[in-house]
Amino acid sequence: MPSGVTFTPAPPIEGKKFVCKRCKRVYAYPEPGDRPIRCECGWWYVNDGGGIRETYYQRIEPYRTPRDLNRLFRR
Ligand SMILES: [Zn+2]
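All of the points below concern the structure found in this document. A quick note: this is a predicted structure, and the numbers were derived from the prediction, not measured. (Residues numbered from 1 in each chain as written. Predicted model: local features only at pLDDT ≥ 70, side-chain atom pairs only at ≥ 80, totals over all residues. Heavy atoms only, no water.)

Observations regarding the coordination of the zinc ion
Then comes step 1: Around the zinc ion, the protein contributes the donor atoms Cys20 (SG), Cys23 (SG), Cys39 (SG) and Cys41 (SG), at 2.2 to 2.3 Å from the metal centre.
Then comes step 2: With four donor atoms in place around the zinc ion and angles of 99 to 116° between them, the coordination shape is tetrahedral.
Then comes step 3: All donors of the zinc ion belong to a single chain; written as a sequence motif, their spacing is C-x2-C-x15-C-x1-C. With Cys20 in the loop between strand 1 (17-19) and strand 2 (26-28) and Cys41 in the loop between strand 3 (37-38) and strand 4 (43-47), this residue pair connects regions lying 21 residues apart in the sequence.
Then comes step 4: Since its relative accessible area comes to 0%, Cys20 is described here as buried. (Donors = N, O, S within 2.8 Å, 3.2 Å for Na, K, Ca; no water. Tetrahedral: all angles 85-135°; square planar, octahedral: opposite > 155°, others 65-115°. Helix = DSSP H or I, 4+ residues; strand = E, 2+ residues; numbered from the N terminus. Buried < 20%, exposed > 50% of the residue type's maximum accessible area, 1.4 Å probe, protein only.)

As structure tokens, this is what we get:
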């Protein structure tokens, strides 16, 4: 069995990286004053100068996901 590379590395991001805690997507690290990272999973991350601030925005207002959705589908 060949012991080659088993995954394709993602293209490198310059400088520091920021990884979304919820979905593990990788972004360039936001500097103070930068525009917020708007992650696909709905969380926004912005550097307010004292650290990363996290905010959850619902993408589509009328549709609400129950907080216990994960629990509902867990076996
Ligand atoms: Zn995310």
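On we go.
Digging into the pairing of strand 4
Then comes step 1: Here strand 3 pairs with strand 4 via two bridges, running antiparallel. What sits directly across from Arg38, in strand 4, is Trp44.
Then comes step 2: Linking two consecutive strands that pair antiparallel, namely strand 3 and strand 4, is a turn of four residues; a positive phi of about 105° is found at Gly42 within it.
Then comes step 3: Sheet topology places strand 4 next to strand 5 (residues 52-56); five bridges connect them, and they run antiparallel. Within strand 5, the residue paired with Trp44 across the bridge is Thr55.
Then comes step 4: Between strand 4 and strand 5, which pair antiparallel in sequence order, lie four residues; one of them, Gly49, sits at a positive phi of approximately 100°. (Pairing = 2+ DSSP bridges.)

Let's talk about unusual backbone geometry
The general pattern is negative phi for most residues beyond glycine and trans for most peptide bonds.
Then comes step 1: Of note in this structure, Lys24 is not a glycine but carries a positive phi near 70°.
Then comes step 2: Relative to the helices and strands, Lys24 is located in the loop between strand 1 and strand 2.
Then comes step 3: For Lys24, a relative accessible area of 58% corresponds to the exposed category.

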